[in-house]
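Here is what each chain is made of, one letter per residue.
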Amino acid sequence: MRILTLTGIKKKIGSEEILKGIDLTINRGEFVAILGASGSGKSSLLYIAGLLDAPSEGEVHLLEQKVDFSKKSKLSYLRNKHLGFVFQFHFLLPEFTLLENVMLPALKSNKDQKEIKERALQLIEFLGLKEKINRRVYQLSGGEMQRTAIARALINNPELLLADEPTGSLDSKNTQRVMEIFKKVNELGTTILMVTHELELTRHTTRIIEVKDGLIIRQTPN
Amino acid sequence: MRHVLFVAFKLLFERKRQTIISIIGVSIGVCAYIVMSSLMFGFQKFFIQQVIDIEPHIKVKPKESTNQNPHKELILGYKSEDKDKIMGWQDLIENFSKHEEIKGAAPHLLARGILKQGIKEKPVSIVGIDPAREAQASVIERFLRYKNLRELESNRLGVIPGILVAKSLGVNKKGETLLLVLPDGQTLDTKVVDFFDSGITNLDEVRVYIHIKTLQGILNKHGQANEIVFKIKDVNRAERLARELQQRTTYEVESWQKAYKNFLSIFKIQNTITFMIVFAILVVSSFGIFNIIMMTVLEKKRDTAILMALGFTPRDIMLTFLLKGLFIGALGSMIGVILGYGMQEYLETIRLDVEGLIRSKGFVLDRSIAHYIYGIVFSFFFSLIASIYPAYRASSLNPVDIFRSQ
Ligand SMILES: Nc1ncnc2c1ncn2[C@@H]1O[C@H](COP(=O)(O)OP(=O)(O)OP(=O)(O)O)[C@@H](O)[C@H]1O
Ligand SMILES: [Mg+2]
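Just so you know, these numbers come straight off a predicted model, no measurement behind them.

## Thoughts on the overall build of chain A
Phase 1 of the analysis: A count of helical and extended segments in chain A gives six helices and ten strands.
Phase 2 of the analysis: Projecting the C-alpha coordinates of chain A onto the three principal axes gives extents of approximately 45 × 40 × 35 Å.
Phase 3 of the analysis: For chain A, with 222 residues in total, the buried portion stands at 55%.
Phase 4 of the analysis: For chain A, the accessible area works out to roughly 10,100 Å², and carbon and sulfur atoms hold 45% of it.

## Quick notes on the overall build of chain B
Phase 1 of the analysis: The secondary structure content of chain B amounts to 16 helices and eleven strands.
Phase 2 of the analysis: Since a compact globule built from 406 residues should have a radius of gyration of about 22 Å, the 32 Å found for chain B marks it as more spread out than a globular shape.
Phase 3 of the analysis: Each principal axis of the C-alpha distribution contributes one length, and for chain B these read about 100 × 45 × 35 Å.
Phase 4 of the analysis: For chain B, the residues scored as buried account for 51% of the 406 residues in total.
Phase 5 of the analysis: The contacts of chain B with a sequence gap of at least 6 include a subset with a gap of at least 24, amounting to 78%.
Phase 6 of the analysis: Summing over all exposed atoms, chain B offers an accessible surface of approximately 19,700 Å²; the carbon and sulfur share of this is 60%.
Phase 7 of the analysis: Charge separation in chain B, taken as the distance between the mean sites of 52 positive and 40 negative side-chain charges, equals 7 Å.

## A word on the site of ligand 1
Residue and element names in this part refer to chain A.
Phase 1 of the analysis: Around ligand 1, a shell composed of 13 residues is seen, among which Ser38, Gly39, Lys42, Ser43 and Ser44 lie nearest.
Phase 2 of the analysis: Lys42 is positioned with one of its side-chain polar atoms (N or O) 2.7 Å from an oxygen atom of ligand 1.
Phase 3 of the analysis: One of the side-chain N or O atoms of Ser43 is found 2.7 Å from an oxygen atom in ligand 1.
Phase 4 of the analysis: Computed on the free molecule, ligand 1 has an accessible area of 630 Å², of which 63% lies beneath the protein chains in the complex.

## Quick look at the pairing of strand S4 (residues 158-161) of chain B
Residue and element names in this part refer to chain B.
Phase 1 of the analysis: Of the two faces of S4, both are covered, the one formed by Gly158 and Ile160 as well as the one formed by Val159 and Pro161.
Phase 2 of the analysis: Where S4 meets strand S6 (residues 187-192), two bridges bridge the pair, whose relative direction is parallel. Residue Gly158 lies in a different strand from S6, and its bridge partner there is Lys191.
Phase 3 of the analysis: Pairing analysis gives three bridges linking S4 to strand S7 (residues 207-211), with the strands arranged antiparallel.

## Describing the interface of chain B and chain A
It is common to give the size of an interface as the accessible area that goes away when the parts come together.
Phase 1 of the analysis: Opposite the 25 residues of chain B that make contact, chain A presents 33 residues.
Phase 2 of the analysis: Between chain B and chain A, a total of about 2,600 Å² is buried, with carbon and sulfur atoms accounting for 64% of that surface.
Phase 3 of the analysis: Looking at the side of chain B facing chain A, the largest losses of area belong to B:Arg2, B:Phe6 and B:Leu310, adding up to 27% of the total buried there.
Phase 4 of the analysis: Inspection of the region where chain B meets chain A yields three salt bridges.
Phase 5 of the analysis: Taking the shortest distance from any N to any O, the salt bridge between A:Glu100 and B:Lys10 comes out at 3.4 Å.
Phase 6 of the analysis: Our count for the contact surface shared by chain B and chain A stands at twelve residue pairs in polar contact (both at pLDDT 80 or more).
Phase 7 of the analysis: Secondary structure elements with two or more residues in the side of chain B that touches chain A: helix H1 (2-12), helix H13 (301-309), helix H14 (314-349) and helix H16 (399-404) of chain B.
Phase 8 of the analysis: In terms of residue count, H13(B) provides more of the side of chain B that touches chain A than any other element does, six residues in total.

## Side note on the domain arrangement of chain B
Residue and element names in this part refer to chain B.
Phase 1 of the analysis: Under the domain assignment, chain B is made up of domain 1 (2-51 + 263-405) and domain 2 (56-255).
Phase 2 of the analysis: Each of domain 1 and domain 2 has a C-alpha centre, and the two are 51 Å apart.
Phase 3 of the analysis: Domain 1 puts eight residues into the contact, and the matching count from domain 2 is ten residues.
Phase 4 of the analysis: Across the interface of domain 1 and domain 2, roughly 750 Å² is buried in total on both sides, 45% from carbon and sulfur atoms.
Phase 5 of the analysis: Taken together, the links from domain 1 to domain 2 amount to one residue pair in polar contact (both at pLDDT 80 or more).
Phase 6 of the analysis: No other element matches helix H2 (residues 16-54), which puts three residues into the side of domain 1 that touches domain 2.
Phase 7 of the analysis: Of the residues that constitute the side of domain 1 that touches domain 2, the class distribution is five nonpolar, two polar and one charged.

## Concerning the environment of B:Thr214
All names here are of chain B.
Phase 1 of the analysis: By the secondary structure assignment, Thr214 is in helix H9 (residues 212-219).
Phase 2 of the analysis: For the pair Thr214 and Ser387, spaced 173 residues apart in sequence, the C-alpha separation works out to 72 Å.
Phase 3 of the analysis: Each residue touching Thr214, except ones within four places of it in the same chain, is listed here: Arg156, Leu157 and Leu188.

## Focus: H9(B)
All names here are of chain B.
Phase 1 of the analysis: Burial within H9 is extensive, with six of its eight residues counted as buried.
Phase 2 of the analysis: Here H9 has its buried residues at Ile212, Thr214, Leu215, Gln216, Ile218 and Leu219.
Phase 3 of the analysis: Those residues of H9 that are buried are in contact with strand S2 (102-117), strand S3 (120-129), S6 and S7.
Phase 4 of the analysis: Asn220, located one to two residues past H9, shows a positive phi value of around 60°.

## What to know about the nonpolar core
Phase 1 of the analysis: Core analysis: the biggest nonpolar cluster contains 104 residues, and A:Leu4, A:Leu51, A:Val60, A:Leu104, A:Phe182, A:Leu193 and B:Phe403 have the highest contact counts within it.
Phase 2 of the analysis: Looking at this core element by element, the count peaks at six residues for helix H5 (residues 142-154) of chain A.
Phase 3 of the analysis: Ignoring sequence-local partners within four residues, the contact set of B:Phe403 consists of A:Tyr47, A:Leu52, A:Phe87, A:Phe91, B:Ala305, B:Ile306 and B:Ala309.
Phase 4 of the analysis: Membership of the second largest hydrophobic core comes to 43 residues, among which are B:Leu149, B:Ala238, B:Val253 and B:Tyr260.

## Some remarks on the packing of aromatic side chains
Phase 1 of the analysis: In this structure the tally under the stated criterion is 22 aromatic pairs over all chains.
Phase 2 of the analysis: Each ring, one from A:Phe87 and one from A:Phe91, has its centre 5.3 Å from the other, and the planes form 55°; the classification is tilted.
Phase 3 of the analysis: A relative accessible area of 7% places A:Phe87 in the buried class.
Phase 4 of the analysis: Relative to B:Phe263, the ring of B:Tyr260 lies with its centre 5.5 Å away and its plane at 35°, an arrangement referred to as tilted.
Phase 5 of the analysis: Chaining the aromatic ring pairs together yields one cluster made of A:Tyr47, A:Phe85, A:Phe87, A:Phe89, A:Phe91 and B:Phe403.
Phase 6 of the analysis: In this structure, B:Lys174 packs its charged tip against the face of B:Tyr146, placed 4.9 Å from the ring centre.
Phase 7 of the analysis: Across the ring face of B:Tyr341, the terminal group of B:Arg367 is positioned such that the distance to the ring centre comes to 5.1 Å.

## Some remarks on the side chain of A:Asp164
All names here are of chain A.
Phase 1 of the analysis: Within the secondary structure, Asp164 is located in strand S7 (residues 160-164).
Phase 2 of the analysis: There is no salt bridge for the buried Asp164, and the closest opposite charge comes from Lys42, which lies 6.7 Å off by N-O distance.
Phase 3 of the analysis: Here Ser43 takes part through its side chain, which lies 2.7 Å from a polar atom of the side chain of Asp164.
Phase 4 of the analysis: Those residues in contact with Asp164 that lie beyond four places of it in its chain are Ser43, Leu46, Tyr47, Val86, Phe87, Gln88 and Val195.

Reading the values: the criteria
- Residues numbered from 1 in each chain as written.
- Chains lettered and ligands numbered in written order.
- Predicted model: local features only at pLDDT ≥ 70, side-chain atom pairs only at ≥ 80, totals over all residues.
- Heavy atoms only, no water.
- Helix = DSSP H or I, 4+ residues; strand = E, 2+ residues; numbered from the N terminus.
- Buried < 20%, exposed > 50% of the residue type's maximum accessible area, 1.4 Å probe, protein only.
- Areas by Shrake-Rupley, 256 points an atom, 1.4 Å probe, with all protein chains shown as cover.
- Rg over C-alpha atoms; globule rule 2.2 N^0.38 Å.
- Contact = heavy atoms within 4.5 Å.
- Lys, Arg positive; Asp, Glu negative; His and termini not counted.
- Charge placed at Lys NZ, Arg CZ, Asp CG, Glu CD.
- Near = heavy atom within 4 Å.
- Polar contact = N/O pair within 3.5 Å; in protein donor to acceptor, adjacent residues only side chain to side chain.
- Pairing = 2+ DSSP bridges.
- Buried area = accessible area lost by both parts, 1.4 Å probe.
- Salt bridge = Lys/Arg side-chain N within 4 Å of Asp/Glu carboxyl O.
- Domains from an automatic or database assignment.
- Nonpolar A, V, L, I, M, F, W, Y, C, P; charged D, E, K, R; others polar.
- Core = buried A, V, L, I, M, F, W, Y, C linked by side-chain atoms within 4.5 Å.
- Phe/Tyr/Trp six-rings, centres within 6.5 Å; stacked < 30°, edge-to-face > 60°.
- Lys NZ or Arg CZ within 6 Å of the ring centre and 35° of its normal.

Here is the structure:
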């Protein structure tokens, strides 16, 4: 099953073309890395794949359905139901506790609050944060924050987990830990698309896509 | 909706101090609205109620002879006093009383005069009444200190001066004598049988009641009346009824609204001013709300972008921020209502002599629930208006722009 298909994606910002025609298909179960230097267009590609930004040209299919970028609330619905995001910075909401941050995306569904909490607690335990559930964001370490963000991204059982330099602000120990989590999550069935500029981090991925100046220059199955 | 409330609730506690200030602003607006309108309407309702009780709902009087040709009189041959009487007033009463909306009627004879007590004197307007019939057309007895209207019947030299007339003459006891001087120089020794105290200053300081027969006698106008007063069923229909009855007579038919139109238009101006003051307060507090929501929106750009990435729709974001404005409106009006109620309670305990258009022993309040409801509705409306733009700004934010700038 094709989770995500990008065809002929171009993105212009002003007069500058930062994506120059990207074709990419991601199948269920893959762990795909997008590798490229700074400024090559990785993040821009991820925003389009994550339905956060509309391409200037080209089409996006999510779960084999064409995405209509003009329908904002439909995009929100699709993001909430099928996609999970992890960014370089944790992007947690500082007003909430760890547990509340993790539960937040699930509250949009009509699932029972108790059910949501149970799943959140399972995820939190899986990510080794069980003792910290009632801590506020600023009472957590960088690694803990990023793991909380991962739990939040997984709460709705996404079809696709999108990560933009998820370890960019972590030390090597925490980086390793996050990569191990990603590997485990992928083995448990979640498809992952991860952006990075470090070759070393692609060790656990199933496919590497190299990007340069807005174009895919090479694809290697790992 | 659950996810919106979840976030909106936390936003309430952002920028606590400013939120509290906005809430106070709204409270003051609502409280001011409640107190000012209850004072204003209380006073106006009191005034109108007194007027309706004392004054005729409709009266018939000779046409005012403003630009009449003086020679006309000479040529047509009627005497000048004919202009100051209602010919066939008994028939007129009988005729009008057939109308189903007329409840009662009474004749008056009006004259100008001066009341004297020693060296003190006071110009007055004398109202000659028939005590038995008067009761059918007005409730002046209620405003008499000793409820002694009937005594005019037995004591034909009795007078009932307005309380302020009596005061300026230094009279404060029943039985004191006053000298009544009429325009033609005739005098009459009268005896005070009661005092008339309506609370309406411009009546209490000029009016004197006397038996109509006495006045007719001394003015040599036997059997005459120059004003007929009517009580009607629905006072609000007085103006329409007056116009209808005007068709039946050549004399002037006037409703109480017309007789008091100067006062009624002052009330309108008063209400407009009150409304404008409260409006200004609410506008100022709206700016406070606008400010704080706008600031929250700007500060929470990053959080908004995250929420959007997590699946909040633009509508969800809009609602999240609107709720903060509505919360300020709600809490503000709740406090305003409590404050307003407290102020009303307090004002009612204050005893002081109010002297103005009306006299009373304290503030006359109209404590209708409507003032509360309007206050709440206004503040909600203003809070909503003030939050719409900032909330819209938040909802139209592009999350990618925020992520790129991190
Ligand atoms: N708002 C913008 N206006 C103009 N150019 C932009 C804008 N945002 C990004 N760019 C340009 O688009 C190109 C791709 O940016 P993008 O953020 O996708 O790169 P990236 O591969 O993610 O880089 P990094 O590894 O540094 O995050 C860059 O050359 C960048 O300068
Ligand atoms: Mg990037």
